[in-house]
Amino acid sequence: MSERHRTPYADVLEIMGWTPLVRLNRVTDGARTPVYGKCEFMNPGGSVKDRIGPAMIEALEASGELKPGGTVVEGTSGNTGIALAMAAAIKGYRCIFTMPDKMSSEKVKLLRAFGAEVIITPTAVPPDHPDNYVMKAKSIAKKTPGAVLANQFYSAANPAAHERSTGPELWEQSAGRITHFFAGAGTGGTITGTGRYLKSRNAEVQICGVDPEGSMIAPFFNTGEAVEGHPYKVEGLGNDKIPDTLDLDVVDEYVTVSDGDSFRMARRLTREEGLFVGGSSGLIVQAAVRKAQELDDPDAFVVAVLCDWGEHYLTKAFDDDWMRENGFLERPRRRTVADLLAARAPGAPSLLSATPSTSVQMALSTMSSHGVSQLPVLREGSCVGSVRESGLMRAVLEDPALLQRPVEAVMEGPWPVVSAAADADEVSRLLRTNAAVLIGGADGFEGIVTRYDAVGALTRGRG
């Protein structure tokens, strides 16, 4: 490891692999069992799929199917496409990719940045439908002269790349101490190839598959029945069929994790571990942490694949609005007028008021004595007007005789009245055009909220 990068490489393809293994600390929530993340997002294309892109293209070249100037076609969730596009850029091939419409816009833009043509297909269609992204890719490959299908779901080069690289890396990085390996399966290449190698070194290593709720792989593994799946939001893992590249005989157990738990763990990994990863990484780590807590064994060595870079999901898992819209984050509790009152500084005066007959001098004295800058003018339980210290002072400077006159002669308009349960944001809007808002109750006016109160609550809340 320490010898890497000491000399130049021929091209970007040579720097794929040998990603770091990093211990997870805070997200394990005190588990004694050590959990490590295999940082596949540190590959040059930002994902674990970097390992299979060049391998599949080289296999197609070796078989004679892909000829110079040809076109590589693939149905992808994005990351395999990026890996293929990087290899194609080096080798001079054209790329056409199909992607389901649930995939992030970041991935589409990345593929196009590499010069690939991207065709978006509907997610909610059966696997054998002509508009399914895999079926669409097959159709394009047949119709395009000089095109070949990369065929990641069937290519033996896919799991072989992991058996040749990921497995040996983990064995060396863990000094042969690895006891549990957690990975998901989109195509199954990662878990199959890595699992085969680890089992060849130690048959006791547990290979643990992790599936999104809605995928059919885990139910099939656990029951032997091919159930019909349902849509889920995590990208790149799970499937509505068993891919040829997935060897379930290598796997010891298969568990499921919900979309919400996956995305929340991805956010925790970023904020608590400094590992900026996507939802699939969160899904795998969530399962690995559960196992670590269950094992409670400091001598165990659990590894979870951190599949890809979080920047691919800024508009999804890392967007609070998207998370709330999909029910993965609780909406913040609605602030009310009562919250604004509770946030007032200790010792703030209760509701002070004047009547229409109160003299201007008395109103000014009341405001000065209590440190307030405005008063409502009340009559028979209604707000009929208001006075502000600055307005009264300006009027008195122009005509000192006003000091003895009633405030009704110079008062401004009445203030709005709301209940204590009213939305604080609505009150803030009212305060843009009113100096204060009165709080009404069953027994009359219960209090007042001023611009000072609203701004003070905001600043204290952000301190």
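Please read these numbers as outputs of a predicted model, since none were measured by experiment.

Asks: Can you help me understand the sheet that holds strand β13 (residues 417-418) in this one?
Replies: Strand order in the open sheet formed by three strands is β13-β14-β15, and the pairing between neighbours is mixed. A single partner strand is all that each edge strand has here, and the edge strands are β13 and β15 (444-450). Two strands pair when backbone bridges link them, and strand β14 (residues 436-441) and β15 are joined in this way by six bridges, in the antiparallel orientation. The residue of β15 that forms the bridge with A436 is T450.

Asks: Sorry if this is basic, but what is going on with the nonpolar core here?
Replies: Across soluble globular proteins, you tend to see nonpolar side chains buried next to one another. In this structure, I178, F181, F182, L198, I284, V285 and V303 are the most contacted members of the largest nonpolar core, which totals 60 residues. At seven residues, helix α10 (residues 279-295) tops the list of elements feeding residues into this core. When sequence neighbours within four positions are dropped, the list of residues in contact with F181 reads L170, T190, I191, T194, L198, Q206, I207, C208, V303 and V305. Counting 28 residues, the second largest nonpolar core, distinct from the first, contains M56, L84, A87 and Y93.

Asks: Please clarify how the packing of helix α1 (residues 53-63) against helix α2 (residues 79-91) should be interpreted in this entry.
Replies: At a minimum axis separation of 8 Å, α1 and α2 run at an interaxial angle of 55°. Our classification of the angle between α1 and α2 gives oblique. Between α1 and α2 lies a crossing of right-handed hand. Along its contact with α1, which presents G53, P54, M56, I57, E58 and E61, the element α2 presents T80, A83, L84, A87, A88 and K91. A breakdown of the residues in the contact of α1 with α2 according to their chemical character gives seven nonpolar, two polar and three charged.

Asks: When you look at the side chain of S104 in this model, what are you seeing that I'm missing?
Replies: Looking at where S104 falls in the secondary structure, it is placed in the loop between β4 (94-100) and α3 (105-113). Among residues more than four places away in sequence, those in contact with S104 are E235, H312, Y313 and K316.

Asks: What should I look at first to understand the environment of M367 in this one?
Replies: Mapped onto the elements of the fold, M367 is located in helix α13 (residues 360-370). The buried category is assigned to M367, whose relative accessible area is 1%. In the structure, M367 is positioned 218 residues away from L149 in sequence and 81 Å away in space, judged by C-alpha atoms. Excluding residues that lie within four positions of it along the chain, M367 makes contacts with V372, S373, Q374, L375, V387, R388, E389 and L392.

What counts and how
- Note that residues are indexed from 1 along each chain, following the sequence as it is written.
- Confidence filtering applies because this is a predicted model: local features only for residues at pLDDT of at least 70, side-chain atom pairs given and counted only at 80 or more, and all residues used for totals across whole chains, interfaces and linings.
- Excluding hydrogens and water, the side-chain figures rest on all heavy atoms present in the structure.
- One requirement defines pairing of two strands: DSSP has to find at least two bridges between them.
- What counts as a helix is a DSSP run of H or I of at least four residues, what counts as a strand is a run of E of at least two, and both are numbered from the N terminus.
- What makes a nonpolar core is a set of buried Ala, Val, Leu, Ile, Met, Phe, Trp, Tyr and Cys residues whose side-chain atoms join them at distances within 4.5 Å.
- We call a residue buried when its accessible area falls under 20% of the maximum for its residue type, exposed when it is over 50%, and partly exposed in between, using a 1.4 Å probe and counting protein chains only.
- Contacts: residue pairs with any heavy atoms within 4.5 Å of one another.
- Lines fitted to the C-alpha atoms define the axes, with helices restricted to the stretch that makes contact. Angles between their N-to-C directions range from 0 to 180 degrees.
- The cut-offs work like this: below 35 degrees is roughly parallel, past 145 is roughly antiparallel, 65 to 115 is roughly perpendicular, and the gaps in between are oblique.
- Should the near helix be turned counterclockwise from the far one by less than a right angle, the crossing is left-handed, whereas a clockwise turn marks it as right-handed.
- Gly is put with the polar residues, along with every residue not named as nonpolar or charged; the nonpolar set is Ala, Val, Leu, Ile, Met, Phe, Trp, Tyr, Cys and Pro, and the charged set is Asp, Glu, Lys and Arg.

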